[in-house]
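Residues per chain, in single letters:
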Amino acid sequence: MTPRSLLLALVLLAPSAFAQEIPAEPVEHGLQARALFDGVYDDPLDNLANSWHHREKRALGVAWTHHATTISSAGTSGVGAMQVSVVDDDHILIFDKSENNPLKVKGHAAWGSIYTISTHKVRALNLNTNSFCAGGGWLSNGTLVSVGGNPREGLYKNDKANNGLAAIRFFTPCTNDKCDVYENPSRIHLTTPRWYASTVRLTDGSIMILGGMTAGGFNNARATDNPTFEFFPPKGDGLEFYSKNLFPITFLLPDGHVFVVANHIAMLYNWKTNTEHRLPSLPNGVRVNYPDTAASVLLPLTVKNKWTPEVLICGGSTANSDGNPWDLRASQPASRQCLRMVLTTAGIKKGWKTESMPEARVMGDAILTPDGKVLIVNGAKTGIAGYGNVPDVVGASNAKNPAYKPVLYDPLGSAGKRFTTNFPSSKIERLYHSSATLIPDGRIFISGSNPNGGVSTKTYKTRYEVEMLNLYGKQYTLGIKLPSGTKVVTAVIMDLGYSTHSVHMNNRLVELQVKRNGAELTIQGPKTVRFLFFTGIYPPGYAWLYVLADGIPSKGKRVMIGSGASPPVSTAAIKNLLKKRGSGLS
């Protein structure tokens, strides 16, 4: 090892708290998914270390103050990139609705794919059910769960997909390019149909599934609204509870509670006691859930803020989307409003703090970057999400005036000076059914846009082009060699989230302690306790580790927080679910 090389040592209370990777052997498709219903797992999750790195407030980093940022073409997605999630160092899972995409599988159009970051190639996935407007999240054992969707489509779209309204789909990453989606609709399904449902990872490694609709539709119609939530794996009696709305905004908080925003109502929810604490409603008549979709993030959890949760919600619309869609317009201005609230007793008492984005935006994607900032991409300046609902559609889009230029938000900047706009503009509109995500090498993957009932070539056509936004201009690789003259070394773990409809489910950033001693770099994780009492700083399961040299990140490395054990399973809950709901929902 050269003097400039640093040993990356993950010093923890338990050696297995950061497991390196999933086993090299390929996992049989759905093996872990089936096991959840066939056995009970109660292995404890290991502790992480109790120590953090102190980082002072800093101005906009060097990576953001010159012209290094570029946007470039990076192949195609094969299917519409309605939903995306990074699955390993070099692959992104993409789900679409069932439609006549150019990528084929088993003789018909695919609606799922795996995109390879290094080669820009795509591999088709063979889904059983229609994943149209599904939600998703990761379990503690490293399996991705996709939930809900829509019924079977007509022949002119793609009639190969079965009813997905109550579907549960599983994807476990592998190393041989042979892993596929596993489904068993007659045995493994939701308690109730859900279209436009959100998920949130919980402290025991399971996920909570919130909201949605029981049938196809456009807005919060009483006849189709599904104001309930449930868990996977099932808990309690296995059946659903009261919840709210379409693609609600949700975040797990450090104390284990769940923050929820639905429409213009906000609350803190205790999922263990089934109790809620209502928060101040969103101000100025702005709505932030589908179809008035806003961008949202849980701001970085750091030592400087003592892991205090604070949320940021930007954009949305003042349109009355609960009324008659024919009264809405694609030309109606979106909102410029940004909201912040610190989720402590004192912060809640102070209420929402407002500021303004440089331009109005609906359907924007807010993405945490490794250096603790928030990038907002995609969306439109006027209109609302969806297609074919308003009288002045463009093509079929309910929105027009695309927002082509990204903006950057620095949470640590001075009020009124937190936004930066010196970024290249895309030439491709990214409207309804577009998505974006941070990827391991620090770039932003951007794809999708299809405000149409099926594949279309008219105005605001179906977009398969992939773009990569390179934020930093220079990078270094974990190994680890730092650039000459590096002064400050920091490290973070991140959940890159499950991105769809401007909701980046579970996206979060937690800063770690970094100690540098000669040629050795020691990184320590946050304090947690065991299994069922795991704290909400970072839930058990996959994370991405980034080391930053003077604010510029390394390539991210996937690590496992905890032992990689499956979440707890209640066989009684599963039996009751199957008894009461049977297989008819699928």
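Residues numbered from 1 in each chain as written. Predicted model: local features only at pLDDT ≥ 70, side-chain atom pairs only at ≥ 80, totals over all residues. Heavy atoms only, no water.

S.K.: Help me understand the overall build of the protein chain in this model?
M.R.: When you go through the protein chain residue by residue, the secondary structure sums to three helices and 41 strands. Sorting the 586 residues of the protein chain into buried and exposed places 64% on the buried side. Within the protein chain, counting contacts between residues at least 6 apart in sequence, those at least 24 apart form 66% of the total. Carbon and sulfur atoms form 52% of the exposed surface of the protein chain, whose accessible area is close to 20400 Å². (Helix = DSSP H or I, 4+ residues; strand = E, 2+ residues; numbered from the N terminus. Buried < 20%, exposed > 50% of the residue type's maximum accessible area, 1.4 Å probe, protein only. Contact = heavy atoms within 4.5 Å. Areas by Shrake-Rupley, 256 points an atom, 1.4 Å probe, with all protein chains shown as cover.)

S.K.: Sorry, what's going on with helix H3 (residues 571-581) here?
M.R.: The periodicity of an α-helix, 3.6 residues per turn, causes residues three or four places apart in sequence to face the same way. Here H3 has its buried residues at Ala573, Ile574, Asn576 and Leu577. In an axial view of H3, the angular spread of the buried residues amounts to 165°, which keeps them on one side of the axis. Every exposed residue of H3 that faces more than 90 degrees away from the buried side is listed here: Lys575 and Lys579. (Arc of directions from axis to C-beta.)

S.K.: Please explain the state of the cysteines as it appears in this structure.
M.R.: Structurally, a disulfide amounts to a covalent bond that connects the sulfur atoms of two cysteines. Tallied over the entire structure, the rule returns two disulfides. Disulfide pairing is shown between Cys174 and Cys179; the S-S distance is 2.3 Å. Between Cys174 and Cys179 the sulfur-sulfur dihedral comes to about -80°; the bridge is accordingly left-handed. Each member of the pair Cys174 and Cys179 is classed as buried. With its sulfur 2.0 Å from that of its partner, Cys314 forms a disulfide with Cys338. An S-S torsion of about 115° defines the bridge between Cys314 and Cys338 as right-handed. With Cys314 in strand E22 (residues 310-315) and Cys338 in strand E23 (residues 337-342), this pair connects stretches of sequence that are 24 residues apart. (Disulfide = S-S within 2.5 Å.)

S.K.: Teacher, can you tell me more about the packing of aromatic side chains here?
M.R.: Each aromatic ring pair is summarised here by two numbers: the centre-to-centre distance and the angle between the ring planes. Throughout the structure, instances matching the rule amount to 15 aromatic pairs. Plain terms: the ring middles of Phe170 and Tyr182 are 6.4 Å apart, the flat faces sit at 40° to each other, and that makes the pair tilted. Of this pair, Phe170 sits in strand E12 (residues 168-171) while Tyr182 sits in the loop between E12 and strand E13 (198-201), and the two are 12 residues apart along the sequence. Residue Phe170 is classed as buried on the basis of its relative accessible area, which comes to 2%. On the basis of relative accessible area, Tyr182 is assigned to the buried category, the value being 13%. On the numbers, 4.6 Å between centres and 40° between planes, the contact of Trp195 with Tyr196 is tilted. By relative accessible area, which is 5% here, Trp195 ends up buried. Residue placement shows Lys235 over the ring face of Phe231; its charged tip is 5.6 Å from the ring centre. The ring of Tyr542 carries Arg558 above its face, with NZ or CZ at 4.2 Å from the centroid. (Phe/Tyr/Trp six-rings, centres within 6.5 Å; stacked < 30°, edge-to-face > 60°. Lys NZ or Arg CZ within 6 Å of the ring centre and 35° of its normal.)

S.K.: Please explain the pattern of salt bridges as it appears in this structure.
M.R.: Charged atoms that come close allow side chains of opposite charge to pair. Taken as a whole, this structure holds 16 salt bridges when the rule is applied. Note that Lys235 is salt-bridged to Asp204, the shortest N-O span being 2.5 Å. Here Lys235, found in the loop between strand E15 (228-232) and strand E16 (241-242), pairs with Asp204, found in the loop between E13 and strand E14 (207-210); they are 31 residues apart in sequence, far enough to count as distant. A single burial state applies to Lys235 and to Asp204, both of which are buried. One salt bridge in this structure joins Arg443 and Asp441, with 2.8 Å as the shortest N-O distance. Linked through salt bridges whose partners overlap, the residues forming this network are Glu359, Arg361 and Lys381. (Salt bridge = Lys/Arg side-chain N within 4 Å of Asp/Glu carboxyl O.)

S.K.: It is not clear to me how the sheet that holds strand E18 (residues 258-262) should be interpreted in this structure. Could you clarify?
M.R.: Sheets are built from strands paired through backbone hydrogen bonds, the pairs being either parallel or antiparallel. Strand order in this open sheet of four strands is E17-E18-E19-E20, and the pairing throughout is antiparallel. In this open sheet, the two strands that pair with only one neighbour each are strand E17 (249-252) and strand E20 (275-278). Across this sheet, the average inter-strand angle for adjacent strands is 25°, counted without regard to direction. In this sheet, E18 lies alongside E17 in antiparallel orientation, the contact comprising four bridges. Residue pairing in the sheet places Leu252 in a bridge with Val258 of E18. (Pairing = 2+ DSSP bridges. Axes fitted to C-alpha atoms, helices over the stretch in contact; angles between N-to-C directions.)

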